[in-house]
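Observations on chain architecture
Here is how the chains run, residue by residue.
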Number of protein chains: 2
Amino acid sequence: MLTEHELTDRKLKILHAIIKTYLDTGEPVGSRTISKYTDLNLSSATIRNEMADLEELGYIIQPHTSAGRIPSDKGYRLYVDMLMEEKEQELTEMQEQMLQKADKMEQLLKQAAKVLASNTNYATMVSTPMGNANKIKFIQLSMVDEEQIIAVIVLGGNVIKNKIINLEEPLSNENLLKLNMLLNTTLNGMPIEEINLGLIARLKEQAGIHSEVIGNVLDAVADVIQIDEDMQIYTSGTTNIFKYPELSDKQSAQDIISAFEEKQQLTELVTQTLAQEDNTGIQVYIGDETPVQNMKDCSVVTATYELGDGMKGTIGIIGPKRMDYEHVLKSMKRLQSELDQMFHKKE
Amino acid sequence: MLTEHELTDRKLKILHAIIKTYLDTGEPVGSRTISKYTDLNLSSATIRNEMADLEELGYIIQPHTSAGRIPSDKGYRLYVDMLMEEKEQELTEMQEQMLQKADKMEQLLKQAAKVLASNTNYATMVSTPMGNANKIKFIQLSMVDEEQIIAVIVLGGNVIKNKIINLEEPLSNENLLKLNMLLNTTLNGMPIEEINLGLIARLKEQAGIHSEVIGNVLDAVADVIQIDEDMQIYTSGTTNIFKYPELSDKQSAQDIISAFEEKQQLTELVTQTLAQEDNTGIQVYIGDETPVQNMKDCSVVTATYELGDGMKGTIGIIGPKRMDYEHVLKSMKRLQSELDQMFHKKE
DNA sequence: GTTAGCACTCTTTAATTTCGAGTGCTAACA
DNA sequence: TGTTAGCACTCGAAATTAAAGAGTGCTAAC
């Protein structure tokens with residue numbers, strides 16, 4: 001029986017070669033190929049012996065008796081972990097593509113997803129940043145016309161909410177001013193969690209006949225608490241999966257695409273990513289490791305980017321297990337630092 | 001040579017039977033089938049003769065020599081036109097499914113797309129209503145903190161825009177008041193089209209040292225003019241297309257799905273629909289008739305719904321040419337009137 | 001005008017064959 | 001002891017062939 005320890009340097013080199021070749025071709029790779037295209041100068045027979053060992057150790061798999069070997073999830077994992085340790089690279093062209101249309105954040109993120117997709121040939125997603133929007137920074141009611149007023153609420157992180165409120169009975173300018181005073185003095189700087197029933201009752205009492213307005217404003221505030229609702233996810237290049245036969249059969253394609261359409265499932269990915277963040281903020285899920293069940297035949301690479309004030313968002317790349325991890329990780333790091341940079345510059 | 005006139009009653013019945021059967025099965029239908037499952041009491045041979053005629057007239061097509069016939073686009077068209085003339089039906093269950101979560105419009109529309117998709121087994125889209133947002137109803141600048149103010153702009157149809165503006169130098173409350181006065185007196189009720197360079201220059205002049213703020217506010221206004229940007233499109237059931245073999249091959253699937261992802265292409269559909277609206281507001285595009293090239297192998301059914309104040313949105317169903325037009329048209333009308341009703345009730 | 005009948009066409013499906021890539025194992029070699 | 005050549009064997013993929021069926025068009029009879 002072989003043990004973990006027996007992963008000699010040579011075996012490692014062979015494994016590496018197998019994976020690299022497989023990433024390229026998507027076909028099982030045989031002993032002869034390795035023997036020829038490696039500088040190890042070993043015959044195919046020797047390679048075969050080593051491959052038998054590697055299979056026993058669980059790093060590669062033989063799809064059927066007379067086929068070459070393909071990497072197992074464990075093999076990919078080893079490979080990726082090795083890559084992750086590598087030092088950073090310099091960043092280059094992607095930058096200018098991004099800057100073209102960097103006027104609005106929303107646009108920017110859409111653009112980022114698109115660039116990343118066309119850059120990698122995989123499916124991508126980008127979530128809008130969130131978190132930390134838990135303090136009320138500013139509230140203002142304004143009269144739009146005789147029948148309605150608008151409530152604008154600015155939260156920490158400059159998240160803006162507004163709500164149109166229909167008046168049941170006219171409201172004088174004077175009273176509006178009073179309400180504004182009341183709301184601001186009471187709520188400004190207050191964490192959302194602290195708004196409870198007692199506070200609401202007190203506010204309504206003080207508002208007198210206009211308590212209905214207060215109720216509406218607080219409703220708007222309540223909306224904000226369900227953070228999910230405010231997180232948008234932009235996707236791009238979904239159809240790239242058709243480029244990889246192993247994901248193009250009806251069932252897989254359907255699974256993956258519906259996960260992309262009902263962004264619900266992707267939010268799961270986002271929260272996971274934000275939770276587990278390590279030092280680099282980059283994570284790789286291979287096969288079953290993924291939090292999204294619909295993508296169990298894929299590999300998913302995610303990264304976190306930060307806005308200045310603690311708001312965080314997520315970037316994701318979804319592709320076949322045999323994705324070009326090297327390229328993907330590089331692109332990821334690049335985009336990540338670009339977004340970081342861009343947002344810090346702007347704030 | 002046969003002419004349009006020779007479409008006898010019998011031929012019509014046979015055509016009808018062919019189409020109905022084909023809608024069900026998706027397989028070419030032969031003379032024998034029609035002979036057996038129709039109350040015409042004709043032998044398959046007779047049917048064959050008639051079918052030959054129908055083919056010459058262009059209503060049906062023979063995919064290959066020894067196959068049955070399938071409807072041509074022209075055949076579908078005739079069929080649909082006949083259906084369109086039918087009188088309305090009563091509306092029923094769909095309603096309650098909708099009402100569950102009808103709190104926010106956005107939610108409601110997403111829900112509508114979903115219900116429609118699960119109801120028909122086709123892919124669906126719903127656009128948020130737009131149009132008419134061309135008058136400025138109200139503008140308000142408010143101080144958020146020492147460094148930034150927020151501009152809120154309400155347009156006709158209660159479209160709300162906001163923009164955070166960073167101040168280069170402090171702004172007194174007094175001056176803020178002045179700016180508000182200036183903006184409101186000048187811009188209130190003004191159609192967006194009328195804001196031109198001359199007006200902007202004049203405003204900036206009057207704003208004095210704070211002209212930069214005015215510029216920013218007008219930028220926000222300018223954003224609104226590109227209406228597209230504000231129109232959201234929700235899709236659902238994209239993967240339903242995999243239920244229809246004729247749309248599941250890689251190329252078709254890719255085309256259709258990418259049209260659904262890059263909503264850009266769907267906006268084209270929306271604008272077309274809104275433009276050509278006839279009395280019912282329902283349109284059917286068969287095959288090449290569609291405005292979206294990526295869907296040339298599909299049929300697309302669209303409908304318009306209205307909000308009280310002239311805002312209009314679009315619903316769309318995308319499926320195979322052999323879609324169940326009867327059911328789809330019925331569902332469409334139902335949803336359409338429900339949305340109409342719902343929004344009118346709410347406003 | 002309608003129908004039965006038959007030869008013919010063409011697709012679909014299954015069965016069969018062929019081909020080749022790749023393996024495992026053994027025996028010889030350095 | 002590790003490496004290599006060689007060979008029989010396996011198994012999937014692709015090509016070939018065969019058989020089955022559905023449906024047609026046409027002719028001749030009713």
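Data block above holds the structure.
What counts, and where the lines are drawn
Residues numbered from 1 in each chain as written. Chains lettered and ligands numbered in written order. Predicted model: local features only at pLDDT ≥ 70, side-chain atom pairs only at ≥ 80, totals over all residues. Contact = placed C-beta atoms within 7 Å. Helix = DSSP H or I, 4+ residues; strand = E, 2+ residues; numbered from the N terminus. Nonpolar A, V, L, I, M, F, W, Y, C, P; charged D, E, K, R; others polar. Buried ≥ 20, exposed ≤ 12 C-beta atoms within 10 Å, placed from the backbone. Pairing = 2+ DSSP bridges. Axes fitted to C-alpha atoms, helices over the stretch in contact; angles between N-to-C directions. Least-squares fit on C-alpha atoms with pLDDT ≥ 70 in both. Near = placed C-beta within 6 Å. Expected span 1.5 Å × (residues − 1). Arc of directions from axis to C-beta. Parallel < 35°, antiparallel > 145°, perpendicular 65-115°, else oblique.

Opposite the 22 residues of chain A that make contact, chain B presents 22 residues. Put simply, the parts of the chain that give the side of chain A that touches chain B at least two residues each are β4 (136-143), β5 (148-155), β6 (159-166) and α12 (250-261) of chain A. Broken down by class, the residue content of the side of chain A that touches chain B amounts to nine nonpolar, 10 polar and three charged.

Turning our attention to unusual backbone geometry. Peptide bonds are, in most cases, trans, and in most cases residues other than glycine have a negative phi. One non-glycine residue, A:N41, lies in positive phi territory at about 55°. Here A:N41 shows up in the loop between α2 (31-37) and α3 (44-57). A:N41 sits in the exposed class, given 7 other C-beta atoms within 10 Å. One non-glycine residue with positive phi stands out, namely B:N121, at about 70°. Position of B:N121 relative to the elements: it lies in the loop between α6 (105-120) and β3 (123-127). Residue B:N121 is classed as partly exposed on the basis of its 17 C-beta neighbours within 10 Å.

Take the sheet that holds strand β9 (residues 298-306) of chain A next. All names here are of chain A. An order of β7-β3-β10-β9-β8 is seen for the five strands of this open sheet, with the pairing classed as antiparallel. Across the chains shown, the open sheet's two edge strands, defined by having one partner strand only, are β7 (233-236) and β8 (282-286). Mean inter-strand twist for the sheet, computed between neighbouring axes without regard to direction, equals 15°. Inspection of the sheet shows β8 paired to β9 by five bridges, in the antiparallel sense. Counted as the bridge partner of Q283 is T302 from β9. Strands in contact with helix α6 (residues 105-120) are β3 (123-127), β7 and β10 (312-320); relative to β3, the strand with the most contacts, it is inclined by about 160°.

Least-squares fitting of chain A to chain B yields an RMSD of 0.2 Å, with the superposition described by an axial translation of 0.1 Å and a rotation of 180°. In short, the pair behaves as if placed about a two-fold rotation axis. Interface overlap between copies: 100% of the residues of chain A at the interface are likewise at the interface in chain B, consistent with a symmetric, same-surface contact.

Residues and elements named next belong to chain B. Strand order across the open sheet formed by five strands is β7-β3-β10-β9-β8, with antiparallel pairing between neighbours. The sheet terminates laterally at β7 (233-236) and β8 (282-286), the two strands that pair on one side only. This sheet shows a mean twist of 15° between the axes of neighbouring strands, independent of strand direction. Two strands pair when backbone bridges link them, and β3 and β7 are joined in this way by four bridges, in the antiparallel orientation. Within the sheet, the bridge partner assigned to V126 lies in β7 and is Y234.

Let us look at the protein's contact with DNA strand C. In the vicinity of DNA strand C lie 19 residues, with A:G30, A:S31, B:T46, B:T65 and B:S66 positioned nearest. Looking at the surface near DNA strand C, the elements that each hand over two or more residues are α2 and α3 of chain A together with α3 (44-57) of chain B.

Before going further, it helps to examine the protein's contact with DNA strand D. Looking at DNA strand D, there are 19 residues lining it, with A:T46, A:T65, A:S66, B:G30 and B:S31 nearest. At the level of secondary structure, the elements contributing two or more residues to the surface near DNA strand D comprise α3 of chain A together with α2 (31-36) and α3 of chain B. With four residues, α3(B) is the largest single contributor of residues to the surface near DNA strand D. Its residues assigned to classes, the surface near DNA strand D comprises six nonpolar, 10 polar and three charged.

Further remarks concern α3(B). An α-helical segment advances 3.6 residues per turn. Residues three or four places apart therefore align on the same side. Residue and element names in this part refer to chain B. Here α3 spans 20 Å end to end across 14 residues, near enough to the 20 Å set by a 1.5 Å rise per residue. Of the positions making up α3, those classed as buried are I47, E50, M51 and L54. Down the axis, α3 shows its buried residues gathered within 105° of arc, on one side only. Residues of α3 that are exposed and point over 90 degrees away from its buried face: A45, N49 and E56. Looking at the buried side of α3, the elements it contacts are α1 (9-25), α2 and β1 (60-61). Directly after α3, the chain includes G58, whose backbone phi takes a positive value near 90°.

On to the environment of B:Q111, then. Residues and elements named next belong to chain B. Note on placement: Q111 falls in helix α6. Exposure remark for Q111: the 20 C-beta atoms within 10 Å place this residue in the buried category. The sequence separation of Q111 and V126 amounts to 15 residues, and the corresponding C-alpha distance is 9.6 Å.

Residues and elements named next belong to chain B. At a closest axis distance of 10 Å, the pairing of α1 and α3 adopts a crossing angle of 90°. Relative to α3, the element α1 is oriented roughly perpendicular. In this structure, α1 uses R10, K11, I14 and L15 to contact α3, whose residues at the interface are I47, E50, D53 and L54. Looking at the contact of α1 with α3, its residues break down into four nonpolar, no polar and four charged.

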